[in-house]
Amino acid sequence: MNRRQLVRGGVAIALTPLAAPALRAQGFDHTIRLIVPNPPGGTSDILARLVAPELTRTLGQNVVVENRAGAGGNIGADVVAKSPPDGHTLLLMDVTTIATNPALFPRLPFDNTKDLAPVTMLIYAPYILGVANKLPVRDAAGLAAFVKSSPRPLNAGNSGVGTSSHLTLIQLADAWGREMTHVPYRGGAPALTAVVSGEADLTIAGATQAQAYATSNQLRAVAVTGAHRLAALPDVPTFREVGWPAVDAGTWQGVMAQGATPRPLLERLHAELAAALAQPAVAARLKDLGGEPRTEGPDPFRRWLDQETETYTALIRANNVRLD
């Protein structure tokens with residue numbers, strides 16, 4: 001058997017060929033790439049650039065943020081899936097990359113359950129349902145009534161076909177009993193801009209993007225998902241309060257590594273990421289954005305991913321959502 005020995009405190013410890021690289025990897029001996037599978041400026045990119053300096057400090061190596069956008073996040077995810085399992089190439093992904101893409105892309109270049117390993121969820125942000133100021137709508141009840149009575153289907157902007165915002169708007173349309181015209185944009189920010197300009201009638205977007213538009217009265221927030229109202233929008237009720245579905249929908253970001261990355265290395269990365277989000281400046285920025293830190297670790301994150309994937313896969317199939 002091909003073994004090496006590590007002498008620690010006078011005791012020889014046998015190392016298999018797989019174990020030796022794993023122990024070396026925990027030292028992080030070269031630059032770490034933090035892959036963001038989205039364009040610059042979005043929530044994932046903002047978050048990556050918040051945690052990268054903290055990881056650089058604690059891991060002792062430069063952490064470089066690299067935007068690899070395209071194919072709904074699949075290009076960036078594939079980079080990590082095909083990287084060495086040494087923790088030096090990480091994916092800062094969102095709900096679409098893992099939870100919805102398997103049902104939308106019949107032939108992914110990687111297996112998201114085998115080729116990517118959860119490190120930790122980072123933040124969850126509830127959705128804000130915002131309507132254009134041009135609409136004669138003041139609250140949630142008024143929006144539901146207006147959707148039903150409008151002589152034309154309302155234009156509902158979303159962050160892309162098959163994204164969680166698109167699927168949540170489908171659920172709302174079903175609850176209101178009226179079809180809407182679903183208009184895909186290249187992300188939540190363009191969809192919000194379309195509502196502000198009056199090009200779209202309404203949209204649903206994560207608080208990390210939408211809260212600033214709502215507090216500055218560029219659009220009107222009528223309801224939010226999640227367990228409680230947002231501190232920045234105390235008069236805006238939750239979906240649960242107004243009796244709407246998808247009460248727990250929202251956007252979230254997390255970190256994954258290559259699927260064969262050793263467990264001790266995943267746990268080290270989890271601990272460092274949790275510490276990074278606890279830094280006062282980072283925590284304050286997340287609060288300003290409307291995000292809630294969630295850093296429970298690999299196993300809870302895997303359970304969350306499985307649950308989200310099951311929920312969105314069912315919605316995609318039931319509504320025959322397909323990429324053109």
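Residues numbered from 1 in each chain as written. Predicted model: local features only at pLDDT ≥ 70, side-chain atom pairs only at ≥ 80, totals over all residues. Heavy atoms only, no water.

Peer 1: Help me understand helix H2 (residues 43-59), please; the structure alone is not making it clear to me.
Peer 2: Counting along an α-helix, one turn takes 3.6 residues, and residues three or four places apart therefore face a common direction. The end-to-end C-alpha separation of H2 is 24 Å, in line with the 24 Å expected for 17 residues at 1.5 Å each. At Val 51, H2 shows its strongest bend, of approximately 25°, with the proline Pro 53 following within four residues. Along H2, the residues classified as buried are Thr 43, Ser 44, Asp 45, Leu 47, Ala 48, Val 51, Ala 52, Glu 54, Leu 55 and Leu 59. Immediately beyond the C-terminal end of H2, within one or two residues, lies Gly 60, with a positive phi of roughly 80°. (Helix = DSSP H or I, 4+ residues; strand = E, 2+ residues; numbered from the N terminus. Expected span 1.5 Å × (residues − 1). Bend = angle between axes of the 7 residues up to and from the residue. Buried < 20%, exposed > 50% of the residue type's maximum accessible area, 1.4 Å probe, protein only.)

Peer 1: I would appreciate a short explanation of helix H6 (residues 164-176) in the present structure.
Peer 2: Relative to the 18 Å expected for 13 residues at 1.5 Å per residue, H6 spans 18 Å between its end C-alpha atoms, a close match to the ideal helical length. Where burial is concerned, most of H6 is hidden: ten out of the 13 residues are buried. Among the residues making up H6, those that are buried are Ser 164, Ser 165, His 166, Leu 167, Thr 168, Leu 169, Ile 170, Leu 172, Ala 173 and Trp 176. Looking at the residues trailing H6, positive phi occurs at Gly 177, about 75°.

Peer 1: What exactly am I supposed to notice about unusual backbone geometry here?
Peer 2: Excluding glycine, most residues fall at negative phi; most peptide bonds, likewise, are trans. The phi angle at Ala 246 is positive, at roughly 60°, despite the residue not being glycine. Relative to the assigned elements, Ala 246 resides in the loop between helix H9 (239-242) and strand S11 (250-258). Unusually for a residue other than glycine, Asn 320 sits at a positive phi of about 50°. If you trace the backbone, Asn 320 turns up in the segment after helix H12 (298-318). On the basis of relative accessible area, Asn 320 is assigned to the exposed category, the value being 52%.

Peer 1: Before we go on, may I ask you to explain the side chain of Thr 225 in this structure?
Peer 2: The topology assignment puts Thr 225 in the loop between strand S10 (220-224) and H9. For Thr 225, a relative accessible area of 0% corresponds to the buried category. Side-chain polar atoms of Thr 225 contact the backbone nitrogen of Tyr 127, separated by 2.6 Å. Within the structure, the side chain of Thr 225 is placed 2.6 Å from the backbone oxygen of Ala 249, a separation counted as a polar contact. When near neighbours in sequence (up to four residues on either side) are disregarded, Thr 225 contacts Tyr 124, Pro 126, Tyr 127, Phe 239, Ala 246, Val 247, Ala 249 and Gly 250. (Polar contact = N/O pair within 3.5 Å; in protein donor to acceptor, adjacent residues only side chain to side chain. Contact = heavy atoms within 4.5 Å.)

Peer 1: Explain the nonpolar core here, please?
Peer 2: Generally speaking, a soluble globular protein has its nonpolar side chains buried in company with each other. Counting 51 residues, the largest nonpolar core has Leu 116, Leu 129, Leu 143, Trp 176, Leu 202, Trp 244 and Trp 252 as the members making the most contacts within it. Among all residues touching Trp 252, those that are not within four sequence positions of it are Met 93, Asp 94, Val 95, Ala 99, Met 121, Ile 123, Tyr 124, Phe 301, Trp 304, Leu 305 and Glu 308. Within the second largest apolar cluster, 28 residues are counted, among which are Val 63, Ala 117, Leu 273 and Ala 276. (Core = buried A, V, L, I, M, F, W, Y, C linked by side-chain atoms within 4.5 Å.)

Peer 1: Is there a simple way to explain the layout of surface pockets in this structure?
Peer 2: A water-sized probe rolled over the atoms picks out the places where empty space is left. Of the voids in this model, the largest pocket is the one considered here, and its volume is about 980 Å³. As for the largest pocket, its lining consists of 42 residues, and the residues nearest its centre are Asn 38, Ser 159, Thr 163, Arg 186 and Gly 187. Among the secondary structure elements, those contributing two or more residues to the lining of the largest pocket are H2, helix H4 (95-104), H6, helix H7 (188-197), strand S9 (202-206), helix H8 (207-215) and S11. Considering every element that reaches the lining of the largest pocket, the biggest residue donor is H4, with four residues. Tallied by class, residues from the lining of the largest pocket come to 17 nonpolar, 22 polar and three charged. Of the volumes computed, that of the second largest pocket is approximately 260 Å³. Forming the boundary of the second largest pocket are 17 residues, of which Asp 248, Ala 249, Gly 250, Trp 304 and Glu 308 lie nearest the centre. For the lining of the second largest pocket, the secondary structure elements donating two or more residues are strand S6 (116-131) and H12. (1 Å grid on protein atoms, 1.4 Å probe; cavity = no way out; pocket = protein on both sides within 12 Å on 5 of 7 lines; lining within 4 Å. Points joined across faces, edges and corners; volume = space filled by probe spheres on them. Nonpolar A, V, L, I, M, F, W, Y, C, P; charged D, E, K, R; others polar.)

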